[in-house]
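# Geometric and topological summary
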Amino acid sequence: MPAEQLETGGHLIGITGPPGAGKSSLTAALIQVWRRRGLKVAILAVDPSSPISGGALLGDRLRMHASGADREVFIRSLACRGEFGGLSAEVWPMSLAMLAAFDIVLVETVGVGQKEIDVSKMTDTTCFVAQPASGDSIQFLKAGIMEVPHVIVVNKEDIGLAARKTLSDLRNTLGRRTDADGWQAPALSASAALGSGIEPLADALDAHRHWLLERGQFTARRQRCQAEWLVKHLREEFGRYGIHRLGGEDALFATLMGQSRRRSPIAEYEALRARVLRQEN
Ligand SMILES: Nc1nc2c(ncn2[C@@H]2O[C@H](COP(=O)(O)OP(=O)(O)O)[C@@H](O)[C@H]2O)c(=O)[nH]1
Ligand SMILES: [Mg+2]
């Protein structure tokens, strides 16, 4: 077991993609795989189109698949969106806190373009669910509007040709591109309806986590997420003025990344907040 794994605990995963691509369906299918592997799973569904029914839908799917109530699976539908460039500022510390009790915390968000950036900056691993025959995601990738996710999955492979074509288009677009860490995102095919391709999807998500752990980049990634969150949250509360008071965004980011002692995001936020307020007096 890589040394980092002991201190970092669970896996924080973001699943995003256009409405109707099958994020909730794939999540329900993934839960079955993870439960078979003996993992405790928490799901936070952030769906602005149907904050309540989104979660209820997922709950229904689960009841369809799982027999009886499962105490090791936690599902919440969150109606918090907007203040944080898409995602509510609370989602990240909440999901991080949940990692103490669950092996996997998955955040489902709707995204069709720039919005994915939010969740990709909050999670260890980001999974993008592509809709067959929709060229949007490919255009966003090509234009560099969308950050390359860590895992791409074309859902609904049961519909055949259109799904295969989207998969090959995506693979061509991705080519040998890697993210800033050097990870090359795999593009997979699955069907939540048939339950096909779900094990490989779970494996690909886990492979990215292991890849980060083996390179000692896992903790650094978490730290980067925390720094992004702190800076964004501070900017939201105090505006550019507040960030300026703390030495400017670049310097603040560098300081936060350089810290060896890690505090919880809330404790860190309170400390920074106190510094801004002290200076204002
Ligand atoms: N044919 C087919 N339909 C699917 C599949 N997965 C989901 N769907 C359907 O696609 C629609 C949207 O699914 P949902 O999981 O709610 O998508 P979300 O909005 O991305 O969470 C629903 O009507 C699902 O039944 C699949 O693998 N194959
Ligand atoms: Mg959904």
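Residues numbered from 1 in each chain as written. Chains lettered and ligands numbered in written order. Predicted model: local features only at pLDDT ≥ 70, side-chain atom pairs only at ≥ 80, totals over all residues. Heavy atoms only, no water.

Identification of the protein chain as ArgK protein from Candidatus Contendobacter odensis Run_B_J11 is taken from an unreviewed UniProt entry.

## Some points on the overall build of the protein chain
This is how the line gets drawn: Counting from the N terminus, the helices are the DSSP runs of H or I reaching at least four residues and the strands are the DSSP runs of E reaching at least two. Here's how the labels work: a residue is buried when its accessible area is under 20% of the maximum for its type, exposed when over 50%, partly exposed in between, all with a 1.4 Å probe on protein chains only. Here, residues are in contact when the closest pair of their heavy atoms is within 4.5 Å. Note on areas: Shrake-Rupley, 1.4 Å probe, and residue coverage restricted to the protein chains presented here.
Looking only at helices and strands, the protein chain features 11 helices and 7 strands. Residues classed as buried in the protein chain amount to 50% of the 281 residues present. If you take every contact in the protein chain between residues at least 6 apart in sequence, the share linking residues at least 24 apart comes to 79%. Roughly 12,900 Å² of accessible area belongs to the protein chain as shown, and the carbon and sulfur atoms make up 52% of that amount.

## What to know about helix H6 (residues 136-143)
The condition is simple: Comment: arc refers to directions from the helix axis out to C-beta atoms.
For H6, the complete set of buried residues consists of Ser137, Ile138 and Leu141. Down the axis of H6, the sector holding all buried residues measures 100 degrees, keeping them to one side. Exposed residues on H6 whose side chains face more than 90 degrees from its buried face are Lys142 and Ala143. Residues of H6 that are buried make contact with strand S5 (125-130), strand S6 (151-154) and helix H7 (161-174).

## So, the coordination of the magnesium ion (ligand 2)
Filter applied, for reference: Ligating atoms shown are N, O and S within 2.8 Å of the metal, or 3.2 Å for Na, K and Ca, and water is not included, meaning a site may look less than complete.
With distances of 2.2 Å, the protein atoms coordinating the magnesium ion (ligand 2) are Ser24 (OG) and Glu108 (OE). One end of the pair, Ser24, is in helix H2 (residues 23-36); the other, Glu108, is in strand S4 (residues 104-110), with 84 residues separating them in the sequence. Taken individually, Ser24 and Glu108 each receive the classification buried, so the pair is uniform in this respect.

## Re the site of ligand 1
Cut-off, in case you're wondering: Proximity is defined per residue: if any heavy atom of the residue lies within 4 Å of a molecule or strand, that residue is considered near it. Two N or O atoms form a polar contact when they lie within 3.5 Å of each other; inside protein one atom must be a possible hydrogen donor and the other a possible acceptor, and for residues adjacent in sequence the pair counts only when both atoms belong to side chains. The nonpolar class holds Ala, Val, Leu, Ile, Met, Phe, Trp, Tyr, Cys and Pro. Asp, Glu, Lys and Arg form the charged class, and all remaining residues, Gly among them, are polar.
Around ligand 1, 18 residues are found, and the nearest of them are Gly20, Gly22, Lys23, Ser25 and Asp158. At 2.9 Å from an oxygen atom of ligand 1 is found a main-chain nitrogen or oxygen belonging to Gly22. In the environment of ligand 1, an oxygen atom lies 3.3 Å from a nitrogen or oxygen atom belonging to the side chain of Glu108. Compared with its free state, where it exposes 580 Å², ligand 1 has 72% of that area covered by protein. Going through the elements one at a time, H2 and helix H3 (53-65) are the ones with two or more residues in the shell around ligand 1. If one sorts the elements of the shell around ligand 1 by residue count, H2 sits on top with 3 residues. Partitioned by chemical class, the residues of the shell around ligand 1 number 7 nonpolar, 6 polar and 5 charged.

## Quick look at the nonpolar core
Operational definition: What is meant by a nonpolar core is a set of buried Ala, Val, Leu, Ile, Met, Phe, Trp, Tyr and Cys residues, joined one to another through side-chain atoms within 4.5 Å. By convention here, the domain bounds are inherited from an automatic or database domain assignment.
By size, the foremost hydrophobic cluster in this structure holds 28 residues, and its most contacted members are Leu234 and Leu252. Contributing elements (two or more residues each) for this core: strand S2 (41-46), helix H4 (91-98), S4, helix H9 (218-245), helix H10 (249-258) and helix H11 (265-280). Residue contributions to this core peak at 8 residues, all from H9. Formed jointly, this core draws a minimum of three residues from each of two domains, domain 1 (3-216) and domain 2 (219-280). If we ignore the near neighbours within four places in the chain, the residues touching Leu234 are Gly239, Ile243, Leu246, Leu252, Tyr269, Leu272 and Arg273.

## Things to note about the environment of Glu157
Examined against the element boundaries, Glu157 turns out to sit in the loop between S6 and H7. Classification of Glu157 as partly exposed rests on a relative accessible area of 29%. Along the primary structure Glu157 and Leu167 are separated by 10 residues, whereas in three dimensions their C-alpha atoms are 9.3 Å apart. In this view, Glu157 contacts Ala163, Ser189, Ala190, Ser191 and Ser196; residues no more than four positions away in its chain are not counted. A polar atom in the side chain of Glu157 sits 2.4 Å from the side chain of Ser189.

## Some thoughts on the pattern of salt bridges
Test applied: Should a side-chain nitrogen of Lys or Arg be within 4 Å of a carboxyl oxygen of Asp or Glu, the pair is scored as a salt bridge.
Summed over the entire model, instances satisfying the criterion amount to 8 salt bridges. Here Arg235 makes a salt bridge to Glu249, at a shortest N to O gap of 2.5 Å. Taken together, the residues Arg235 in helix H9 and Glu249 in helix H10 connect sequence positions 14 residues apart. When its relative accessible area of 36% is taken as the criterion, Glu249 is described as partly exposed.

## What to know about H4
The element H4 is extensively covered by neighbouring structure, given that 6 of its 8 residues are classed as buried. The set of residues buried in H4 consists of Val91, Trp92, Pro93, Ser95, Leu96 and Met98.

## Focus: the packing of H4 against H9
To keep things clear, this is the line we draw: Axis geometry follows a simple rule: fit a line to the C-alpha atoms, using only the stretch in contact for helices, then measure angles between N-to-C directions, giving values from 0 to 180 degrees. Angle categories: roughly parallel below 35 degrees, roughly antiparallel above 145, roughly perpendicular from 65 to 115, and oblique for all the rest. The hand of a helix crossing depends on one turn: near helix anticlockwise from the far one by less than a right angle means left-handed, and clockwise means right-handed.
Running from N to C, H4 and H9 cross one another at 150 degrees; their axes reach a closest spacing of 11 Å. Taken together, the axis directions place H4 and H9 in an arrangement best described as roughly antiparallel. In this structure, H4 crosses over H9, and the sense of that crossing is left-handed. Along the contact surface, H4 presents Trp92, Pro93 and Leu96, while H9 presents Arg222, Cys225, Gln226 and Trp229. Here the contact of H4 with H9 is composed, by residue class, of 5 nonpolar, 1 polar and 1 charged.

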